[in-house]
Amino acid sequence: MTLRSGLVVPKFNGTSAYVKNSTADWRSGDSGGAIGVFFKVGTTATHTIFSSCDEAGTAKYILFRLFTSNYLQISQRNNDTTCTVRGGTSITDGQWHSGFATSDGSAWALLLDGVAETLTVTAGTNNGDWFADTSGRDNVAIGASIQSSTT
């Protein structure tokens, strides 16, 4: 970790570095909210920003990541149909950006550098499902998705 302006900033290597907390059903009462991060990427790949998953399988999770040509994406599944939306801006410039995923309990929004992204539904619907809608999760991670395997 590096210290910048009084903040601790984890430095992830893009392949094996992540932070994990084993907390069952973290924020299980939250049906809406926001996840915000500062990040920079220079390569096109799947980059998990934040996740909360069930380690026993692959059917219960909420993921905030850069996916398919580095578009901001939020994806949720609770042992049912996967619902996924992505933004419209590909991010590969190696510069610092802010990214937010929000839910009002009925729809998601994605913001890149303070600007709302134009959303594309890539699976299911934009239903805004959040932590209260995703049971059986047993971890929270930054920089990885920890399900039956770690990615």
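Below or above, wherever it landed, is the structure these notes cover.

**Observations concerning the pairing of strand β5 (residues 47-53)**
Then step 1. Of all the 7 residues making up β5, 7 are buried; the element is thus mostly covered by neighbouring parts of the structure.
Then step 2. In terms of strand pairing, β5 meets strand β6 (residues 60-67) through 6 bridges, oriented antiparallel. Considered in β6, the bridge of S51 is made with L63.
Then step 3. The loop that links β5 with its antiparallel partner β6 comprises 6 residues.

**As for the pattern of salt bridges**
Pairing between side chains of opposite charge can happen when the charged atoms of each approach one another.
Then step 1. As enumerated under the stated definition, the model contains 2 salt bridges in all.
Then step 2. With a closest N to O distance of 3.1 Å, E55 and K20 form a salt bridge. With a gap of 35 residues between them, E55 in the loop between β5 and β6 and K20 in strand β3 (residues 19-21) connect regions that are remote in the sequence.
Then step 3. Since its relative accessible area comes to 26%, E55 is described here as partly exposed.
Then step 4. The partner of R27 in a salt bridge is D30, with the nearest N and O atoms 2.7 Å apart.
Then step 5. For R27, a relative accessible area of 45% translates into the label partly exposed.

**Quick notes on the side chain of Q76**
Then step 1. As for its placement among the helices and strands, Q76 is situated in strand β7 (residues 71-78).
Then step 2. Residue Q76 is classed as buried on the basis of its relative accessible area, which comes to 0%.
Then step 3. Polar side-chain contacts of Q76 include one of 2.9 Å to the side chain of T134.
Then step 4. In this structure Q76 touches Y61, I62, T81, T82, C83, W108, D129, D133 and T134, once residues within four positions along its chain are discounted.

Each value, and the rule that gives it
Residues numbered from 1 in each chain as written. Predicted model: local features only at pLDDT ≥ 70, side-chain atom pairs only at ≥ 80, totals over all residues. Heavy atoms only, no water. Buried < 20%, exposed > 50% of the residue type's maximum accessible area, 1.4 Å probe, protein only. Helix = DSSP H or I, 4+ residues; strand = E, 2+ residues; numbered from the N terminus. Pairing = 2+ DSSP bridges. Salt bridge = Lys/Arg side-chain N within 4 Å of Asp/Glu carboxyl O. Polar contact = N/O pair within 3.5 Å; in protein donor to acceptor, adjacent residues only side chain to side chain. Contact = heavy atoms within 4.5 Å.

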